[in-house]
Each structure stands twice: as C-alpha cells, then as structure tokens.
Amino acid sequence: MQLDFWQLSRDPVERVVALIAARTRQAGERLLVIDSDADRRVGLSRAMWEGDPQAFLANGEASAPHAARQPILLSADCAALNDARYCVIADGEWRAEAEGFARVFLLFGEAGIQAARATWRQFDGRDDVTRSYYAQENGKWAKKA
C-alpha cells in the first residue's frame, strides 16, 4: 500500500480532494472519498462537480442509486462499493479498513498533526507499506518525507 500524508495549510479540503480526484481519474483509477461529516461530503461533491471544467469529476454518494457505477464515490464508511483501489480520507480520521486499498491519501490540518504522526508511526517497519508526507510550500505541494 502507498500511504500518502497530506498536511493541509493553505488550500481547503475541497480543493485538495478535487486535485487528488483529478489525478486519480487521469491514472485510470476509481476513488473512494471518506468523510464522516455528511455536510462536508456535500461540499466535496460540489467542488468536484463545479471545479475545473477541463477535469470532469463525476461523483456520487454511496447511499445513492447506482453507487457501484460512480468513478468517485463519497461515503462515511470505508467500503468501496465502486471497486476503488484509491482512497482519500478527507476527515483525517485513520480507519484500519483503509489498509485494503492500493493507495491511501490521509488529509489532515493543524488540529490533526498528532493523530497523523501516530498513524505514521503505526506503520514503522512495515515492508508492505510505502509512506510519503506532503506539505504546501510556496503555493505548491512538496514531498517532505
């Protein structure tokens, strides 16, 4: 599993999820976006629908009809009804079930730094996990570790 830690500072979570979703779709992958807050999921969905017109990011809620057909699925749970291999944890709350994905993006802000560090340490010494840490630097995302 590739586990990417993205520390949010300048850009809101909606913009970052839309960026990751666009890159995921360009790679030909499906995506599961997890957030326990239903209102925030609505905002995430809207950001993908209304964002960059060059990147059509069709998405839907896991509880809606035809969830399995959605290329980008939003859910409170870590269940990829759309057979996604990539997952964004938008609320910063690590879920053990995420280990079943090929690639996981854990997004967190200032308030989530300690929890993200604990999650990072949880994977120390694991040969089956490759970790990376990204932060914003001069308006761009930079790999720090």
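Each chain carries its own residue numbering, running from 1 in the direction its sequence is written. The predicted nature of this model means local features are confined to residues of pLDDT at least 70 and side-chain atom pairs, given and counted, to a pLDDT of 80 or more, with totals for whole chains, interfaces and linings taken over all residues. Computation of side-chain values: all heavy atoms of the structure, hydrogens and water removed.

Q: What's the story with the packing of helix α1 (residues 13-26) against helix α2 (residues 38-50) in this structure? I'm lost.
A: Any two packed helices are characterised by the angle at which their axes cross and by the distance between the axes. Remark: α1 packs on α2, axes separated minimally by 9 Å, with the N-to-C direction vectors making an angle of 55°. Our classification of the angle between α1 and α2 gives oblique. Both α1 and α2 take part in a crossing whose hand is right-handed. Facing α1, whose interface residues are Val13, Glu14, Val17, Ala18 and Ala21, α2 presents Arg40, Gly43, Leu44, Ala47 and Met48. Considered class by class, the residues forming the contact of α1 with α2 number seven nonpolar, one polar and two charged. Interaxial angle, 0 to 180 degrees, is taken between N-to-C directions of lines fitted to C-alpha atoms, where a helix line uses only the stretch in contact. The secondary structure listing takes helices from DSSP runs of H or I that are at least 4 residues long and strands from runs of E that are at least 2 residues long, numbered from the N terminus. Between 65 and 115 degrees an angle is taken as roughly perpendicular, under 35 as roughly parallel, over 145 as roughly antiparallel, and anywhere else as oblique. We call a crossing left-handed when the near helix sits turned anticlockwise from the far one by less than a right angle, and right-handed when that turn is clockwise. The contact criterion used throughout is that any non-hydrogen atoms of two residues lie within 4.5 Å. The classification used treats Ala, Val, Leu, Ile, Met, Phe, Trp, Tyr, Cys and Pro as nonpolar, Asp, Glu, Lys and Arg as charged, and all other residues, Gly among them, as polar.

Q: Please clarify how the side chain of threonine 119 should be interpreted in this entry.
A: Examined against the element boundaries, threonine 119 turns out to sit in helix α3 (residues 113-122). Once you skip the residues sitting within four places of it in the chain, threonine 119 turns out to touch Phe5, Trp94 and Leu106.

Q: I would appreciate a short explanation of the sheet that holds strand β1 (residues 2-7) in the present structure.
A: Sheet strands associate in pairs through backbone hydrogen bonding, adopting either a parallel or an antiparallel arrangement. For two strands to be treated as a pair, DSSP must find no fewer than two bridges joining them. Judged by pairing direction, the sheet is mixed, and its eight strands sit side by side in the order β3-β4-β2-β5-β6-β1-β7-β8 without closing on themselves. At either end of the open sheet lies a strand with only one pairing partner, and these are β3 (60-61) and β8 (140-143). Relative to strand β5 (residues 86-89), strand β2 (residues 31-34) runs parallel, the two being bridged by four bridges. Directly across from isoleucine 34, in β5, lies its bridge partner isoleucine 89. The strands touched by α2 within the sheet are β2, β3 and β4 (72-75), with β4 carrying the most contacts at an inclination of about 165°.

Q: What is the right way to read the nonpolar core from this model?
A: One recurring pattern in soluble globular proteins: nonpolar side chains tend to sit buried together. By nonpolar core is meant a set of buried Ala, Val, Leu, Ile, Met, Phe, Trp, Tyr and Cys residues that side-chain atoms within 4.5 Å join together. Buried means the residue's accessible area, taken with a 1.4 Å probe over protein chains only, is under 20% of the maximum for its type, while exposed means over 50%, and partly exposed covers the values in between. Val17, Val33, Met48, Leu57, Val88 and Leu107 are the most contacted members of the largest nonpolar core, which totals 23 residues. If you list the elements that add at least two residues to this core, you get α1, β2, α2, β4, β5 and β6 (103-108). With seven residues, the top contributor of residues to this core is α1. For leucine 57, the residues in contact, after removing those within four places along its chain, are Ala18, Ala21, Ala22, Arg25, Met48, Trp49 and Ile72. Formed by 22 residues, the second largest nonpolar core is a distinct cluster that contains Met1, Leu32, Ala84 and Cys87.

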